[in-house]
Amino acid sequence: MDYIFVPDHLEIAQNNKKNGRIVGEIAFQLDRRILAHVFPGITRLYGFTVSNIPEKIKQVSTRSLDGSLDEKKYRTITQRYRNLITRLKKMGYHTDVHPVFSEFLINTYGILKQRPDLSSNPINDNPNDLRKMVIDIVPAKFLGDTLLLLNCLCELSKEDNKALFAW
């Protein structure tokens, strides 16, 4: 007699949780890409969020010795931020909505616990497979914005020639 393997509910729940983490990872990776673009060379971005970029630009541009603002540095970073946001806005990204929405997705779904093995699971770097996964996981009311974040991540990934999930 042949047996058909049917995964138990625990295995399905674990797969959904892992796949859900990919949804959170998409939002996390987009945020990291935005921050890395605006603040190149700063490797420790603790306390930096996409929501607080304007404050962080001022903080990073303030001289530590006398507390004065380095106007040239401030203008350079601000222009880099504006250029990026202008490009993302053309794709539908809104700075008053999507940074907070990204935080919501990260808090709701979590992020991947470890670097994905692309050789055994190439889905993590395939935009079409990721879109299908997002469509299967994310409730309809959040789907449009989640897919928008994935599209923005794909675009930034193309621009910097790095994998979608850059580690």
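Here's a quick rundown of the structure. (Residues numbered from 1 in each chain as written. Predicted model: local features only at pLDDT ≥ 70, side-chain atom pairs only at ≥ 80, totals over all residues. Heavy atoms only, no water.)

Below, the discussion takes up the overall build of the protein. Along the backbone of the protein there are six helices and zero strands. Helices and strands in the protein line up, N terminus first, as α-α-α-α-α-α. Each of the 167 residues in the protein was classed as buried or not, and the buried ones make up 36%. Relative to all contacts within the protein whose residues are 6 or more apart in sequence, the contacts with residues 24 or more apart total 64%. Summing over all exposed atoms, the protein offers an accessible surface of approximately 10,600 Å²; the carbon and sulfur share of this is 54%. (Helix = DSSP H or I, 4+ residues; strand = E, 2+ residues; numbered from the N terminus. Buried < 20%, exposed > 50% of the residue type's maximum accessible area, 1.4 Å probe, protein only. Contact = heavy atoms within 4.5 Å. Areas by Shrake-Rupley, 256 points an atom, 1.4 Å probe, with all protein chains shown as cover.)

The tendency in soluble globular proteins is for nonpolar side chains to be buried as a group. Judged by nonpolar contacts, the single largest core of 41 residues is most densely connected at I34, V38, F39, I53 and Y93. At the level of elements, α1 (9-38), α2 (53-61), α3 (71-90), α4 (98-109), α5 (127-137) and α6 (140-160) are the ones that each hand at least two residues to this core. Among the elements that take part in this core, α6 stands out by supplying nine residues, more than any other. (Core = buried A, V, L, I, M, F, W, Y, C linked by side-chain atoms within 4.5 Å.)

Under the 1.5 Å per step criterion, the end-to-end length of α4 is 16 Å for twelve residues, consistent within 8% with the ideal 16 Å. Along α4, the residues that are buried comprise H98, P99, F101, S102, L105, I106 and Y109. Along α4, the residues classed as buried sweep out an arc of 160° about the axis, all on the same side. Positive backbone phi, at 80°, marks G110, one or two positions downstream of α4. (Expected span 1.5 Å × (residues − 1). Arc of directions from axis to C-beta.)

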